[in-house]
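Structural features, examined
Listed below, chain by chain, are the residues.
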Number of protein chains: 2
Amino acid sequence: MKKYLDILKAVNLFEGIEESDLPPLLSCLSSKQSRYEKGQTVFFSGESIKQFGIVLSGQVQIVQDDYYGNRSILAKIDAGNLFGESFACSQIKTLPVNVIATTESEILFIDCCKLAVPCTRACSFHSKLIQNMLNIVSMKNILLTQKIEIISKRTTREKLLAYLSSEAKKAGEARFYIPFNRQELADYLFVERSAMSAELSKLKNDGLINFHKNQFELL
Amino acid sequence: MKKYLDILKAVNLFEGIEESDLPPLLSCLSSKQSRYEKGQTVFFSGESIKQFGIVLSGQVQIVQDDYYGNRSILAKIDAGNLFGESFACSQIKTLPVNVIATTESEILFIDCCKLAVPCTRACSFHSKLIQNMLNIVSMKNILLTQKIEIISKRTTREKLLAYLSSEAKKAGEARFYIPFNRQELADYLFVERSAMSAELSKLKNDGLINFHKNQFELL
DNA sequence: CTCCTTTTGTTGTATTTCCAACAGACTTAT
DNA sequence: ATAAGTCTGTTGGAAATACAACAAAAGGAG
């Protein structure tokens, strides 16, 4: 476990917790470490989980099969990140996804109930853990809600304006950089790249925006 | 406060907590009750909040203004429900939304930090509260993620199949009821009703599904 | 039962998006 | 410097969606 202290201290769940506190904390939480070969399934859909995972090394994918058997990749989780926390911390009885190791991986499992219920010895860091977990899931909710607001728009033009407007508000000014190239922006908005490019040009010609590469200005 | 005990005991945050425990619990949490006139703003965008609200009576709306000043309604919250919990429990410094009372309302405010940090007197229900809150934000996370997965599809046909497939998996069988009429389903998928209706007929004629009103069967 | 209202499905037309191909601009490697 | 690769924007045609209008089906009230 000493091997992964560097990874663990950077995990957002442990923010504000001293590195020296990590080993007793993990012991207090009865955490368990497991190794998975490439392609091995970490969580099976249909089961009920109470533990979430932290990727210590390697990568896992969260995948979902629909009724017809089509598979989509919901997320890829690299080392230093959590997965399955929402499922573990919720009352969901049937996991709707599979978690599969993309490469050989070491995973640390933590029981959400252990995390949520302060131990009888009143660990000094238990409150911090709870707050951190609430923050992690809540921040995710905020981002997901914002994304739905943007992609709910019916036309590519509206989606672009919604996204750019949101970025301008975030930047607090009319000129800002976005973290995407054209293909990435199209993927984020779930539209076709060249059609989106055409719409960007129209917005520019209509005098609504100006842009060069990933720098934009609302006019 | 006795006035609202019936409402409060049904609030998901208090599930599994005895009604008689509610008054001391709310005292322990230093909760505060406030009254808002119709049209009054409960939370202003730009501010930083640490308290979420429970609507005791009335209704509030969560609204968002974009850079151009266009306003959209993100949610309407009726009595017995929480609002702002994701913002209060996260490290967000600047609220991106306004919360406005739609009608005259009574709101109970609870500080997220008070909830997350067990009091020194070790209330017996504090753990339950924490678990409930984790469940609430986690379930929201799961629902939001599933919704994005569905509306990320590019065509109305794909959106319908993704949604119906998801409902079939939830029902555990090929025949199921959906909780929407046609307009509501179109609104959920962010598509136009009559075009969606045409696509439903095509799916039926192509032999993929059968339906009558809100009962569907995947074939 | 009849009548009225609401919901659902259908259709033609206009609009938008996707797709494929390609040219131009930009970046990277030699 | 040049050549190769990648990114971005443009374009024409095909496919899909929105829109408006209306018919058919379903539901509710008297």
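Conventions we followed
- Residues numbered from 1 in each chain as written.
- Chains lettered and ligands numbered in written order.
- Predicted model: local features only at pLDDT ≥ 70, side-chain atom pairs only at ≥ 80, totals over all residues.
- Heavy atoms only, no water.
- Contact = heavy atoms within 4.5 Å.
- Buried area = accessible area lost by both parts, 1.4 Å probe.
- Salt bridge = Lys/Arg side-chain N within 4 Å of Asp/Glu carboxyl O.
- Polar contact = N/O pair within 3.5 Å; in protein donor to acceptor, adjacent residues only side chain to side chain.
- Helix = DSSP H or I, 4+ residues; strand = E, 2+ residues; numbered from the N terminus.
- Nonpolar A, V, L, I, M, F, W, Y, C, P; charged D, E, K, R; others polar.
- Least-squares fit on C-alpha atoms with pLDDT ≥ 70 in both.
- Near = heavy atom within 4 Å.
- Phe/Tyr/Trp six-rings, centres within 6.5 Å; stacked < 30°, edge-to-face > 60°.
- Lys NZ or Arg CZ within 6 Å of the ring centre and 35° of its normal.
- Core = buried A, V, L, I, M, F, W, Y, C linked by side-chain atoms within 4.5 Å.
- Buried < 20%, exposed > 50% of the residue type's maximum accessible area, 1.4 Å probe, protein only.
- Disulfide = S-S within 2.5 Å.
- 1 Å grid on protein atoms, 1.4 Å probe; cavity = no way out; pocket = protein on both sides within 12 Å on 5 of 7 lines; lining within 4 Å.
- Points joined across faces, edges and corners; volume = space filled by probe spheres on them.
- Pairing = 2+ DSSP bridges.
- Axes fitted to C-alpha atoms, helices over the stretch in contact; angles between N-to-C directions.

**Things to note about the interface of chain B and chain A**
On the side of chain A, 54 residues touch chain B, which itself brings 54 residues to the contact. The largest share of the area that chain B buries against chain A comes from B:Tyr67, B:Tyr68 and B:Leu134, three residues that together contribute 14% of it. Seen at the junction of chain B and chain A, the total is 0 salt bridges. On inspection of chain B and its partner chain A, the count reaches 20 residue pairs in polar contact (both at pLDDT 80 or more). Of all elements in the fold, only strand 4 (59-65), strand 5 (71-78), helix 3 (85-89), helix 4 (112-116), helix 5 (126-151) and helix 6 (156-171) of chain B reach the threshold of two or more residues within the side of chain B that touches chain A. In terms of residues, the side of chain B that touches chain A owes the most to one element, helix 5 of chain B, which gives 19 residues. Class assignment of the residues belonging to the side of chain B that touches chain A gives a composition of 29 nonpolar, 14 polar and 11 charged.

**Observations concerning the relation of the copies chain B and chain A**
Under the fitted operation, chain B is carried onto chain A by 0.1 Å of movement along the axis and a turn of 180 degrees, and the coordinates agree to an RMSD of 0.2 Å. Expressed as a symmetry operation, the mapping of one chain copy onto the other fits a two-fold axis. Taking the C-alpha atom as reference, chain B places B:Asn141 closest to the rotation axis, 2.7 Å from it. Both copies contact each other with a shared surface, as 100% of the interface residues of chain B are interface residues in chain A too.

**Notes on the protein's contact with DNA strand C**
Taken together, 16 residues are adjacent to DNA strand C, and A:Thr156, B:Arg182, B:Ser197, B:Ser201 and B:Phe211 come closest. The share of sugar and phosphate among atoms of DNA strand C within 4 Å of the protein is 66%. Contact between DNA strand C and A:Glu192: a phosphate oxygen at 3.1 Å from a main-chain N or O atom of the residue. B:Ser201 places a polar side-chain atom, nitrogen or oxygen, 2.4 Å from a phosphate oxygen of DNA strand C. Counting only elements with at least two residues in the surface near DNA strand C, the list comes to helix 8 (193-205) of chain A together with helix 8 (193-205) of chain B. If one sorts the elements of the surface near DNA strand C by residue count, helix 8 of chain B sits on top with 4 residues.

**A closer look at the side chain of B:Gln61**
Within the secondary structure, B:Gln61 sits in strand 4. Every residue in contact with B:Gln61, bar those within four places of it in the chain, is listed here: B:Ile73, B:Ala75, B:Lys76, B:Asn98, B:Val99, B:Ile100 and B:Thr102.

**A look at the side chain of B:Ser138**
Examined against the element boundaries, B:Ser138 turns out to sit in helix 5. Separated by 2.7 Å, the side chain of B:Ser138 and the backbone oxygen of B:Leu134 make a polar contact. B:Ser138 has contacts with A:Glu85, A:Ser86, A:Cys89, A:Ser90 and A:Val137, leaving out every residue within four places of it along the chain.

**Concerning the packing of aromatic side chains**
The geometry of an aromatic ring pair comes down to the distance between the two centres and the angle between the two planes. Tallied over the full model, the rule gives 18 aromatic pairs over all chains. Their ring planes at 40 degrees and their centres at 6.0 Å tell us that B:Tyr163 and B:Phe180 sit as a pair that is tilted. Of the two residues, B:Tyr163 sits in helix 6 while B:Phe180 sits in the loop between strand 9 (175-177) and helix 7 (182-189), which places them 17 residues apart along the sequence. Put simply, the rings of A:Tyr36, A:Phe43, A:Phe83 and A:Phe109 touch in pairs and so form one group of aromatic residues. Lying across the ring of A:Tyr188, A:Lys147 places its NZ or CZ 4.1 Å from the centre.

**Quick look at the nonpolar core**
In this structure, A:Leu13, A:Phe14, A:Ile54, B:Leu13 and B:Phe14 are the most contacted members of the largest nonpolar core, which totals 94 residues. Among residues more than four places away in sequence, those in contact with B:Leu13 are B:Phe52, B:Leu82, B:Ile110, B:Leu115, B:Leu129, B:Asn132, B:Met133 and B:Ile136.

**Remarks on the state of the cysteines**
All names here are of chain A. Evaluation of the coordinates by the stated rule reveals 2 disulfides over all chains. Paired by a disulfide, Cys-89 and Cys-112 hold their sulfur atoms 2.4 Å apart. Here Cys-89 and Cys-112 share a disulfide; its torsion about the S-S bond, 110 degrees, makes the bridge right-handed. Here Cys-89, found in helix 3 (residues 85-89), pairs with Cys-112, found in helix 4 (residues 112-116); they are 23 residues apart in sequence, far enough to count as distant. Here Cys-89 matches Cys-112 in class, with each residue buried.

**So, the protein's contact with DNA strand D**
Near DNA strand D, the surroundings consist of 17 residues, among which A:Arg182, A:Ser197, A:Ser201, A:Phe211 and B:Thr156 are the closest. Here DNA strand D approaches the protein such that, of its atoms within 4 Å, sugar and phosphate make up 68%. One nitrogen or oxygen atom from the side chain of A:Arg182 is found 2.7 Å from a phosphate oxygen belonging to DNA strand D. Here a base nitrogen of DNA strand D and a side-chain polar atom of A:Arg193 are 3.1 Å apart. Residue assignment for the surface near DNA strand D shows that the elements contributing at least two residues are helix 8 of chain A together with helix 8 of chain B. Here the element with the most residues in the surface near DNA strand D is helix 8 of chain A; it accounts for 4 residues. Residue composition of the surface near DNA strand D, grouped by class: 3 nonpolar, 8 polar and 6 charged.

**What to know about the layout of surface pockets**
Residue and element names in this part refer to chain B. Space inside the second largest pocket adds up to approximately 1,400 Å³. Taken together, 49 residues form the lining of the second largest pocket, with Met-139, Lys-140, Ile-142, Leu-143 and Leu-144 sitting closest to its centre. No other element matches helix 5, which puts 9 residues into the lining of the second largest pocket. The residue makeup of the lining of the second largest pocket, split by class, is 27 nonpolar, 14 polar and 8 charged.

**What about the sheet that holds strand 5 (residues 71-78) of chain A?**
Residue and element names in this part refer to chain A. The antiparallel open sheet is built from 4 strands, whose spatial order is 2-7-4-5. The two strands at the open ends of the sheet, each matched to only one other strand, are strand 2 (41-43) and strand 5. Between one strand and the next, the sheet's axes are offset by a mean angle of 30 degrees, whatever the strand orientation.

Purely geometric stuff here, so don't read any function into it on its own.
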